[in-house]
Amino acid sequence: MYRKLENLNKIIDSGIVLIVRLATDSESIKVAEAAIQGGINVIEIPMAVPNALQVVKYLSDKYKKQGVLIGTGTVLDGETARAAILAGAELLVSPNLNPDMIKVANRYQVVTMSGAYTPTEIQNTLEAGADIVKLFPAEFVNPNYIKSVLAPLSHAPISPTGGVTPENVHQWFSAGAVCVGVASYITKAAAHDNDMSKVTKAAQTFLEAVKKAKAKL
C-alpha cells in the first residue's frame, strides 16, 4: 500500500497522537514503550527531548515492523525535517506553519501535522500542503471552536492538542476532530512512583474513551 496513505489511515483510525515530551531520552523511551504496550501506535517525540532523533531512530527501528508510527515534533525548519526523516520519522509535527518543513516532508511522502489557531492560519496551513492541522494550543478553546471553524472550512482535518482528556474527548470528536494530541494524561501517569504499568493503563483508558467516542459518530 502507498505508505503515506497507510500512515494517514493509521493516525485517523487510532485517533490519538501521543506526545512524549520528557526530561531525558531514557525516560522518554520507557514511557513510549509502556504506552505501546497499552495499544498506542502513533507516537511523537518532540525535538525538545534530549537526543530526540536518537530516540526516534531507536523506537522506529524497534517498532516500525510492529505497525507503530514514530514521528518527530517541534520540527521548525526544512533541515530538521530532513534529519528527522533520516532518523526514521514518518510523521512530522510543528506548532506553527513552516512551509519548508512541509515541502521536505511532502518530497519524501511523510505525513505532516502543522500548527494553526485561527481560521486564516488553518487555511494557510492547508494551502501550504499540510495533511492535518494541529489546533494548538487547544486548551484555551473548547470543542465548539472546531465546530464553528468547520462550518465554513468543512474540508479542514483538525487535530486539537492540549486540554484533551478521556472525559471530554467525545466532545472533540463530536465537534469534528479527526484525531487528538495527547500528552500528560498518559506520559505523566508514572511520574510519582515510576510504575510504568500506570502508563500502560492510562493508554488503555484513553484508547477506550476514543473508541467509544468514535462509535457514536
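About the criteria used
Residues numbered from 1 in each chain as written. Predicted model: local features only at pLDDT ≥ 70, side-chain atom pairs only at ≥ 80, totals over all residues. Heavy atoms only, no water. UniProt positions renumbered as here; feature names shortened; annotations may be inferred. Pairing = 2+ DSSP bridges. Helix = DSSP H or I, 4+ residues; strand = E, 2+ residues; numbered from the N terminus. Axes fitted to C-alpha atoms, helices over the stretch in contact; angles between N-to-C directions. Contact = heavy atoms within 4.5 Å. Buried < 20%, exposed > 50% of the residue type's maximum accessible area, 1.4 Å probe, protein only. Arc of directions from axis to C-beta. Polar contact = N/O pair within 3.5 Å; in protein donor to acceptor, adjacent residues only side chain to side chain. Phe/Tyr/Trp six-rings, centres within 6.5 Å; stacked < 30°, edge-to-face > 60°. Parallel < 35°, antiparallel > 145°, perpendicular 65-115°, else oblique. Left-handed = near helix turned anticlockwise from the far one by under 90°. Nonpolar A, V, L, I, M, F, W, Y, C, P; charged D, E, K, R; others polar.

UniProt lists a comment for the protein chain under the heading Subunit (unreviewed entry), and it reads "Homotrimer." The Pathway (unreviewed entry) field of the UniProt record for the protein chain holds the comment "Carbohydrate acid metabolism."

Q: Any chance you could explain the sheet that holds strand 8 (residues 180-182) here in plain terms?
A: Sheet strands pair by backbone hydrogen bonding; their relative direction is either parallel or antiparallel. Judged by pairing direction, the sheet is parallel, and its 8 strands sit side by side in the order 7-6-5-4-3-2-1-8 without closing on themselves. Only two strands of the sheet have a single partner each, and these edge strands are strand 7 (158-160) and strand 8. When strand polarity is set aside, the average angle formed by the axes of neighbouring strands in this sheet is 25°. Looking at chain direction, strand 4 (residues 91-94) and strand 5 (residues 111-116) are connected through 4 bridges and run parallel. Opposite S94, over in strand 5, you have S114 as the bridge partner. Across the sheet, helix 6 (residues 119-127) touches strand 5, strand 6 (132-135) and strand 7, and the angle it forms with strand 5 is around 155°.

Q: Hey, could you run me through helix 7 (residues 143-150) in this one?
A: Because each turn of an α-helix spans 3.6 residues, side chains separated by three or four positions in sequence point in the same direction. Those residues of helix 7 that sit buried are P143, I146, V149 and L150. Looking straight down helix 7, one finds its buried side chains confined to an arc of 125°; they lie on one side. Projecting away from the buried face of helix 7 at angles above 90 degrees are the exposed residues N144, K147 and S148. Contacts from the buried residues of helix 7 go to helix 6, strand 6, strand 7 and helix 8 (169-175). For helix 7, the side-chain oxygen to backbone nitrogen distance between the N-cap and N144 is 2.8 Å, and the N-cap itself is N142.

Q: Sorry, what's going on with the packing of aromatic side chains here?
A: A ring pair, where both rings are aromatic, is described by two values, the distance of the centres and the angle of the planes. Tallied over the full model, the rule gives 2 aromatic pairs. With centroids separated by 6.0 Å and ring planes inclined at 25°, the aromatic side chains of Y117 and Y145 adopt a geometry described as stacked. Taken together, the positions of Y117 in the loop between strand 5 and helix 6 and Y145 in helix 7 put the pair 28 residues apart, joining distant regions of the chain. Ring centres 5.5 Å apart and planes at 80° place the aromatic pair Y185 and F206 in the edge-to-face group. A residue pair is termed long-range when its members are at least 10 positions apart, and Y185 in helix 9 (residues 184-187) and F206 in helix 10 (residues 196-215) qualify at 21 residues.

Q: Help me understand the packing of helix 4 (residues 78-87) against helix 5 (residues 99-107) in this model?
A: When two helices pack together, their arrangement is given by the angle between the helix axes and the distance between those axes. Closest axis-to-axis distance for the helix 4/helix 5 pair is 7 Å, and the angle between their directions is 30°. Taken together, the axis directions place helix 4 and helix 5 in an arrangement best described as roughly parallel. The crossing of helix 4 and helix 5 is right-handed. Two secondary-structure elements touch here, helix 4 through G78, A81, R82 and I85 and helix 5 through D100, M101, V104 and A105. Residue composition of the contact of helix 4 with helix 5, by class: 5 nonpolar, 1 polar and 2 charged.

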